[in-house]
Amino acid sequence: MEHTLGELATLLGGELKGPPDLVIEGIAPIEQATPREITFITKRRYARLAPESRAAAFLVGPDHADLPRPLIIVPHPYLAYAQVAALFAPLQRRWPGISNLAHLGREVELGQEVSIAPLTFIGDKVRLGDRVTIMPGCFLGDEVQIGADTFLYPRVTVLERCTVGERCIIHSGTVIGADGFGFVPVPEGYFKIPSLGTVVIEDDVEIGANCALDRAAMGETRVGRGVKIDNLVALAHNVTVGEHSLLVAQAGVAGSTKLGARVILAGQAGVAGHIELGDGVQVGAKSGVNHSLPPGQKVFGSPARPQREAMQIHAHLSKLPEIYQRLKQVEEKLRGLSVKPGRE
Amino acid sequence: MTRPSRPEAQEVSDKASMEYTLGELAQLVGGTLKGPAHVVIEGIAPIDSATPRDITFIHRGIYARLAGRSQAAAFIVGPDHEGLARSLIVVPNPYLAYAQVATLFAPPRRRWPGISNQACLGREVELGREVSIAPLVFIGDKVRLGDRVTIMPGCVIGDEVQIGEDTLLHPNVTILDRCRLGNRVIIQSGTVIGADGFGYLPGPEGYRKIPQLGAVAIEDDVEIGANCTIDRGALGDTRVGRGVKISNQVQLAHNVTVGDHSLLVAQVGVAGSSKLGQRVVLAGQVGVVEHIELGDGVTVGGQGGVNHSLPPGQVATGYPARPQKEYLKISALLPRLPQIHQRLLDAEQKLAALAAGPAEEPEP
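Residues numbered from 1 in each chain as written. Chains lettered and ligands numbered in written order. Predicted model: local features only at pLDDT ≥ 70, side-chain atom pairs only at ≥ 80, totals over all residues.

Trainee: Any details on the overall build of chain A? Residues and values, ideally.
Mentor: Regarding its fold elements, chain A presents four helices and 39 strands. Relative to its length of 344 residues, chain A is extended, with a C-alpha radius of gyration of 28 Å against a globular reference of 20 Å. Sorting the 344 residues of chain A into buried and exposed places 45% on the buried side. Long-range contacts, defined as pairs at least 24 residues apart, comprise 19% of the intrachain contacts of chain A with a sequence gap of at least 6. (Helix = DSSP H or I, 4+ residues; strand = E, 2+ residues; numbered from the N terminus. Rg over C-alpha atoms; globule rule 2.2 N^0.38 Å. Buried ≥ 20, exposed ≤ 12 C-beta atoms within 10 Å, placed from the backbone. Contact = placed C-beta atoms within 7 Å.)

Following this line, the structure appears as structure tokens:
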């Protein structure tokens, strides 16, 4: 796979400074790039490495337009990097057509160019859109619907009646539509609350490996359009995640909670049940949110507090030993003051 | 393996045809009926989305306020709402009655009829009556499955595994060699039971693996969520007691014991050899260190990190986990730290003024 620098500049709509016929065979980080590869500068500290870099050419923003090397100048070099990397990404191999080692149920509806690998189980009345890819070991329960161009990596489980939109990517080991965790305590133990609902994943969602998205007790658990979910994230029954939200690895959201649009949960963040996080809320890593938050709020800590307050607490926590020392001194002086008059 | 002609799958009754009269439902949940017994109910739904063919329920005061506008045909309520001017089933515990009625309306899960010839069965496998083994299942040698066990597609059952009656393994569950599951156990998809415990001896060349010779024993009526991992014991068993309910992505290390009827919420982790008593509750994302004991009835709040043993009945929260009362006090004071610091500064200044002051002032 190779492209000329001119082709890449055209693709990116960037300004070329250098020989258009220069052949580029790949993309690599600035310190590792070989003379056959292009690299990119997204942050100033990478620019310092440019003179020693062996890269054939650089993707840069206007602030580095004077670097004396072959350049493609673009408004947004990080985006340009992603575009070029997509060009050089090795094609994901798909099973050609429907394997006869797969199990297909009755009344399955398949779009055009669907790929179903060996050792997959497709239940009855499943509907797969055009160009859907199902890798080995996947399970799709009865009446599951999957939209066009969606890609399921190996060993993904989508249980009955759940739906996945178009252009979604689901990584290995993820389970969509397991029963919600709901029990009524009774004298003999717990009575299981059946999960009658489903999970709905809208278009352009990506879900990482080994996530668990539970089906609703009644109604839907819903993941909005364009949401990106990292590995080992848990969404409980009846959770709603608004459009274009980001959920980083090991985040967890308890039952019936609603996240607005463009919410960010950093790694290992936890959100309690039955609350609402407004649009654009950002929750710091390992934080625990136990009440609803207004739109745009940034919080940190467990329990989560507004970022400013959390930072002040943290600043003073590191002063605690000093504060304690000073308190002891104050007490000592006070003792001295109260002792002196007594002697007189 | 070629694709076999597919046997007829066990058909379930059509969802739309499932209906009960209000009288039947009242009888089922042992409630008092206030309204026409012959009204036909076709489903159960939340109070704000129920149709005139659905029954709904009120288990908290906040829902009662929505009753006026609800289209529901009837309401399951506790004695505190029996004055509601609608068709009612009055029961002592409306939340339980909801779960009972919802169970009635739940679409039955389809089981593979019998043993699929797309499954791989080892030697000397003992099967009870009406066992269901779906396609793409692997069953090792000398496995014993009780009556009415259901194994969904993609499951792997290792050698000498024993599974009790009426137990259900959802798709893609892995049970490794010699582990034992009781009766009426439910395991959700992706869960791995019996992986090697995390045990190594540090040495000059790295870490030497300590073989994990034990197994995992899951007792009766346990439910385990999706993508959990319960490791086998180094020596002896990792044990999950009767009636325990475990949510998703829970991690139990080797030789952990979980007492009867405990609840482990999502993303909980318990390190090696720790013992949880009976009816312990660990809320979401709680971590418990190794080799400690949590007494019966201990409750740990969300994200708590427990680093020492706790006596029976203790309620603990925070990281590190402290008794709830202490935690709440600290939690309330933390935002006042800047203020406390300011007050210390003021005190220091006043003290300095006091110490300096009297010496300069003339004696009265």
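Now, onward.
Trainee: I'd love a proper account of the overall build of chain B, names of residues and values included.
Mentor: Across its full length, chain B holds five helices and 39 strands. Computed over its C-alpha atoms, the radius of gyration of chain B comes to 29 Å, more than 25% above the 21 Å expected for a compact globule of 364 residues. Principal axes of the C-alpha set define a box for chain B whose edges measure 110 × 75 × 35 Å. The 364 residues of chain B split such that 45% are buried. Looking at chain B alone, contacts between residues at least 24 apart form 22% of all its contacts between residues at least 6 apart.

Trainee: Please give an account of the interface of chain A and chain B that cites residues and values.
Mentor: Opposite the 56 residues of chain A that make contact, chain B presents 56 residues. Among the secondary structure elements, those contributing two or more residues to the side of chain A that touches chain B are strand S20 (175-178), strand S21 (183-186), strand S22 (189-192), strand S25 (212-214) and helix H4 (307-343) of chain A. A per-element tally of the side of chain A that touches chain B places H4(A) first, with 13 residues. In terms of residue class, the side of chain A that touches chain B is made up of 31 nonpolar, 15 polar and 10 charged. (Nonpolar A, V, L, I, M, F, W, Y, C, P; charged D, E, K, R; others polar.)

Trainee: Provide a residue-level description of the sheet that holds strand S6 (residues 57-60) of chain A, including the pertinent values.
Mentor: All names here are of chain A. Here we have five strands laid out as an open sheet, ordered S2-S7-S6-S5-S4, and mixed in their pairing. In this open sheet, the two strands that pair with only one neighbour each are strand S2 (15-17) and strand S4 (26-27). Summarising the sheet, S4 and strand S5 (residues 37-40) pair through two bridges and their orientation is parallel. From the neighbouring strand, Gly26 faces S5, where its bridge partner is Glu37. (Pairing = 2+ DSSP bridges.)

Trainee: Break down helix H3 (residues 77-88) of chain A for me, with residues and values.
Mentor: In an α-helix, one full turn covers 3.6 residues, which means residues spaced three or four apart are oriented alike. Residue and element names in this part refer to chain A. Its 12 residues give H3 an end-to-end C-alpha distance of 16 Å, which sits within 8% of 16 Å, the value for a rise of 1.5 Å per residue. The complete set of buried residues in H3 reads Pro77, Ala80, Tyr81 and Val84. Taken around the axis of H3, the buried residues stretch over an arc of 105°, which confines them to a single face. Those residues of H3 hidden inside the fold are in contact with helix H1 (5-12), S4, S5, S6 and strand S7 (71-73). (Expected span 1.5 Å × (residues − 1). Arc of directions from axis to C-beta.)

Trainee: Pulling in residues and values, what's your account of the domain arrangement of chain B?
Mentor: Examined at the domain level, chain B breaks down into domain 1 (16-105) and domain 2 (173-325). One C-alpha centre belongs to domain 1 of chain B, the other to domain 2 of chain B; they are set 38 Å apart. (Domains from an automatic or database assignment.)

Trainee: Which residues make up the sheet that holds strand S17 (residues 157-158) of chain A, and what values go with them?
Mentor: Backbone-to-backbone hydrogen bonds join strands into a sheet, with any given pair of strands oriented parallel or antiparallel. All names here are of chain A. As summarised here, the arrangement of the 10 strands in space is S8-S11-S14-S17-S20-S25-S28-S31-S34-S37, forming an open sheet in which the pairing is parallel. With one partner strand each, in any of the chains shown, strand S8 (103-104) and strand S37 (288-289) form the two edges of the open sheet. Direction of pairing for strand S11 (residues 121-122) relative to strand S14 (residues 139-140): parallel, over a ladder of two bridges. The residue of S14 that forms the bridge with Ile122 is Leu140.

Trainee: I'd like a description of the pairing of strand S20 (residues 192-195) of chain B, backed by residues and values.
Mentor: Residue and element names in this part refer to chain B. By the bridge criterion, two bridges tie strand S17 (residues 174-175) to S20 in an arrangement that is parallel. By the bridge assignment, Thr174 is partnered in S20 with Val192. Sheet topology note: the S20/strand S25 (residues 229-231) ladder contains three bridges and is parallel. Each bridged residue has a counterpart across the sheet, and for Ala195 the counterpart in S25 is Asp231.

Trainee: Summarise the pairing of S22(A); cite the residues concerned and give the values.
Mentor: All names here are of chain A. As judged from the four bridges shared by S21 and S22, these two strands associate in the antiparallel manner. Directly across from Pro185, in S22, lies its bridge partner Tyr190. Connecting the antiparallel pair S21 and S22 is a turn made up of two residues.

Trainee: I'd like to hear about the domain arrangement of chain A, residue by residue, with values.
Mentor: For chain A, the assigned domains read domain 1 (3-88), domain 2 (103-305) and domain 3 (306-344). Averaged C-alpha coordinates put domain 1 of chain A and domain 2 of chain A at centres separated by 37 Å.

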